[in-house]
Amino acid sequence: FACTGIDNIAEAITLLELNNWDLVAAINGVIPQENGILQSKYSSEASQATVFGPPSRSEAADAAAGGAVPPPSSSSSSSSPPSSSALAYCPVNTSSRHIVERQPRMLNFKVEYRQRCVELVLEEGSTVGEIKQILESELGVPVSKMQLKGWKSGDVSDSVSQLPFIYYPIKDALQESLNQNFLLIISHREAQRDYSLNFPGSRTIQEVKRNVSDLTNIPVRHQQWEGWPASASDDSMTLAFSGISYPCHHLSVCRRSSPANMQEPTEESADVHMISDSEGDDFEDASEFGVDDTEMFGMGSSTCRKSPMMPENSENEADALLHFTAEFSSRYGETHPMFFIGSLEAASQEAFYGKARDRKLLAIYLHNDDSVLSNVFCSQMMCADSIVSYLSQNFITWAWDVTKEANKARLLTMCTRHFGSVVTQTIRTYNTDQFPLLLIVMGKRTSNEVLNVIQGNTTVDELMMRLMAAMEIFTAQQQEDIKDEDEREARETVKREQDEAYRLSLEADRKKREAQEREEAEQVRLEQMRKEQEEEKEAIRLSLEQALPPEPDEESGEQISKLRIRTPSGEFLERRFLSSCKLQVLFDFVASKGYPFEEFKLLTTFPRRNITQLEPGSTLMEAKLFPQETLFLEAKE
């Protein structure tokens, strides 16, 4: 009350609420613009004081007497920081006057017109007319045809200057709402069908209506809506600023009963705040102007067509799929199913022919740019987070573009080869407007079966339900396959163990037989060697025996030595030798009896002498083996 003079508590609270309980902003909002002096019932002189001039001597004296010295006054400057205000001086003194000095508050405006956005910074004392004059120079729209939307109190006159009380300040929350996703549940009354569509807050109402036109085949011009809030009067308005409920809003649409009675929009006023009303959709039907529906959706002319999803007559299927994936990402964003890069045969091998636990369903996405449903199906269904996640976890997703006849013929050939003529004929029965298609294929023991064919005119919920239904069928079949595979693997494991045991037994028998054969062969070899050695010894013995001189007679008259030799077996060898015979003759005699010189030594009894160590050329006389001697044989060590 001391600063503003407002004694009505309800009025004061209202001002605080309008300024978001900012006390300084509320005070500055009610201070008269032409001066900075607040009227006070305690002083009648305050209304006559000048704010921006220096104080008089009497005023200085009064201030000194009151115990407070006012600070030097400062003039308003446009160089002040935007949206800043300050209460420089407001002494709580009941003496003579209450003087408030402040800097002007700057207001930020963001004005949207068609595809342009203009930001303005003005003092709070500026009028609506001044805003329009600035916009006229920026946008080239005459002031007389200009209409500003977004004021709190609706349309305002150009002379209004209390801007803080008539405009909605742009808050960070509103900016954030542009990035929020709104779920629109749209009921098509004629078809008795609901569509659940997700849109970002930056999407305009006009774009929503165009997407709904793709789904319902109702041109935007013929659509009759229920459920839009009163603030959503401009189709160029974004969803974030339209006033719809967050995060979910219910709408209904039907075809107007009499489109001819609709009032044509005028261009007398240009709508500033959002993109202007519908452009190409103001026409009744494309056929009214000799243009077919495909041209209305940007598909009738090659100059307006986007780059194809897949090149025509591509030699390599993997390259074609890479191009398809890149173009899909370019059109609809990076959030989409992970398309298998490779041939349809390779995708089938990946999905069907692994272990039962690793098998998946095969989802074949068939795209057609000539279908009005393709854009909505791709952006709303194929790019929905729930669909992308479910396909990635449970499916191998393979895609093909059938817009070109050559690519369609190639697809039909591949389907005939891998799935049979029934699938190919099924695809032929669908016309362009029923595309895109999503074929759900399950691999079986002997053949592949198409569980479901999902057309483009569906919703996210219906698509998810059909995918889950196919997954239930596949899961039941997969459990049987897993059971059969486990039993088969168990049987094969037992068989492998038995085969391994039999192999080891055969291996052991083989090794035993080979060892026995080697042993027998060695025995034969040793026996053969022994025989050869014996034969060799026998031959040597015979030759030595034949080479011995004849045994002399006792009556020959010559000196004879009679030698008696005991063998290791205890037998005795007796023979007569001439005393003049060499020891070598004695050694040969002993060897001829089977005791070779190399293996045995010949010893005398007493004294013990080793005769074999004597010179073989010595005579028996010289060896003192005359007239008789007893010797014995001993094996050498």
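Residues numbered from 1 in each chain as written. Predicted model: local features only at pLDDT ≥ 70, side-chain atom pairs only at ≥ 80, totals over all residues. Heavy atoms only, no water.

A. Molecular detail of unusual backbone geometry. With an omega of -10°, the peptide bond running from Phe606 to Pro607 counts as cis. The residue Pro607 is located in the loop between strand S15 (600-604) and strand S16 (628-635) in this model. For the peptide bond that leads from Phe626 to Pro627, omega is 5°, which places it in the cis range. Here Pro627 lies in the loop between S15 and S16. Phi angles above zero are rare outside glycine, and Lys624 is one such case at about 60°. In this structure, Lys624 sits in the loop between S15 and S16. (Helix = DSSP H or I, 4+ residues; strand = E, 2+ residues; numbered from the N terminus.)

B. Quick look at the packing of aromatic side chains. Following the criterion strictly, the structure yields 15 aromatic pairs and no others. Note on Phe324 and Tyr365: the rings are 6.4 Å apart at their centroids and 65° apart in plane angle, and the pair reads as edge-to-face. Remark: Tyr365 occurs in strand S9 (residues 361-367) and Phe324 occurs in helix H8 (residues 317-332); sequence separation between them is 41 residues. Accessibility classification places Phe324 together with Tyr365 in one group, the buried group. Judged by centre distance (5.6 Å) and plane angle (80°), the ring pair of Phe577 and Phe589 falls under edge-to-face. Of this pair, Phe577 sits in strand S14 (residues 572-578) while Phe589 sits in helix H15 (residues 583-592), and the two are 12 residues apart along the sequence. Neither Phe577 nor Phe589 differs from the other in exposure class; each is buried. (Phe/Tyr/Trp six-rings, centres within 6.5 Å; stacked < 30°, edge-to-face > 60°. Buried < 20%, exposed > 50% of the residue type's maximum accessible area, 1.4 Å probe, protein only.)

C. How the structure looks around the sheet that holds strand S5 (residues 193-200). Spatially, 4 strands are ordered S5-S4-S7-S6 in an open sheet, and the strand pairing comes out mixed. Each edge of the open sheet carries a strand with a single partner, namely S5 and strand S6 (223-226). In this sheet, adjacent strand axes meet at a mean angle of 30° when their direction is disregarded. Bridge analysis of strand S4 (residues 181-188) against strand S7 (residues 248-255) gives 6 bridges, and the strand direction is parallel. (Pairing = 2+ DSSP bridges. Axes fitted to C-alpha atoms, helices over the stretch in contact; angles between N-to-C directions.)

D. Examining the pattern of salt bridges more closely. Enumeration according to the criterion identifies 26 salt bridges in this entry. Note that Glu492 and Arg496 form a salt bridge whose closest N and O atoms lie 4.0 Å from each other. Here Glu492 and its partner Arg496 are both found in helix H14 (residues 460-547), 4 residues apart, which amounts to about one turn of the helix. Judged by relative accessible area, Glu492 falls into the partly exposed class, the value being 37%. Salt bridges linked by common partners bring Glu551, Glu554, Lys562 and Arg576 together as one network. (Salt bridge = Lys/Arg side-chain N within 4 Å of Asp/Glu carboxyl O.)

E. Molecular detail of the side chain of Ser236. Assignment of secondary structure puts Ser236 in the loop between S6 and S7. The exposure class of Ser236 is buried, given its relative accessible area of 2%.

F. Seen up close, the pairing of S9. Counting buried positions along S9 yields 7 of 7 residues, so the element is predominantly enclosed. Side chains Leu361, Ala363, Tyr365 and His367 of S9 all project onto a buried face; the interleaved residues Leu362, Ile364 and Leu366 project onto the opposite face, where all are buried too. Here S9 runs beside strand S11 (residues 437-443); their pairing, made up of 5 bridges, is antiparallel. Opposite Ile364, over in S11, you have Leu439 as the bridge partner.

G. Representation of the sheet that holds S14. An order of S14-S13-S16-S15 is seen for the 4 strands of this open sheet, with the pairing classed as mixed. The open sheet is flanked by S14 and S15, the only strands paired with a single partner. Adjacent strand axes in the sheet meet at a mean angle of 30° when their direction is disregarded. As paired strands, S15 and S16 are joined by 5 bridges and run antiparallel to one another. Residue pairing across strands places Phe600 opposite Ala635, the latter belonging to S16. Across the sheet, H15 is in contact with strand S13 (560-566), S14, S15 and S16; its angle to S14 comes to roughly 150°. (Contact = heavy atoms within 4.5 Å.)

H. Region of interest: the confidence of the model for the protein. Residues of the protein with pLDDT of at least 70 account for 75%, and the chain-wide mean is 76. pLDDT under 50 marks residues 33-102. Its contacts with residues more than four places away, or in other chains, come to 97 contacts. Residue range residues 259-305 is modelled with pLDDT below 50. Its contacts to residues more than four positions away, or to other chains, number 90 contacts. (pLDDT = per-residue confidence, 0-100.)

I. How the structure looks around the nonpolar core. Core analysis: the largest hydrophobic core is formed by 76 residues, its most contacted members being Phe328, Leu362, Trp398, Trp400 and Leu467. At 7 residues, H14 tops the list of elements feeding residues into this core. Here Trp400 is in contact with Met310, Glu317, Ala320, Leu321, Phe324, Tyr365, Leu366, His367, Asn407, Arg410, Leu411 and Met414, once residues within four sequence places are set aside. (Core = buried A, V, L, I, M, F, W, Y, C linked by side-chain atoms within 4.5 Å.)

J. Spotlight on the packing of helix H11 (residues 385-394) against H14. As a packed pair, H11 and H14 sit with axes 10 Å apart at the nearest point and diverge in direction by 15°. One finds that H11 runs roughly parallel with respect to H14. As for how H11 packs across H14, the hand of that crossing is left-handed. Contact residues: Ser386, Ile387, Tyr390, Leu391 and Asn394 in H11; Val460, Leu463, Met464, Leu467, Met468 and Met471 in H14. Of the residues in the contact of H11 with H14, the class split is 9 nonpolar, 2 polar and no charged. (Parallel < 35°, antiparallel > 145°, perpendicular 65-115°, else oblique. Left-handed = near helix turned anticlockwise from the far one by under 90°. Nonpolar A, V, L, I, M, F, W, Y, C, P; charged D, E, K, R; others polar.)

K. Region of the structure containing H8. Between its first and last C-alpha, H8 extends 22 Å over 16 residues, near the 22 Å set by a 1.5 Å rise per residue. Among the residues making up H8, those that are buried are Glu317, Ala320, Leu321, Phe324, Thr325, Glu327, Phe328, Ser329, Arg331 and Tyr332. Looking at the packing, one finds that the buried side of H8 touches helix H9 (344-352), S9, helix H10 (374-382), strand S10 (395-401) and helix H12 (405-419). Its side-chain oxygen at 2.8 Å from the backbone nitrogen of Ala318, Asn316 defines the N-terminal cap of H8. (Expected span 1.5 Å × (residues − 1). Polar contact = N/O pair within 3.5 Å; in protein donor to acceptor, adjacent residues only side chain to side chain.)

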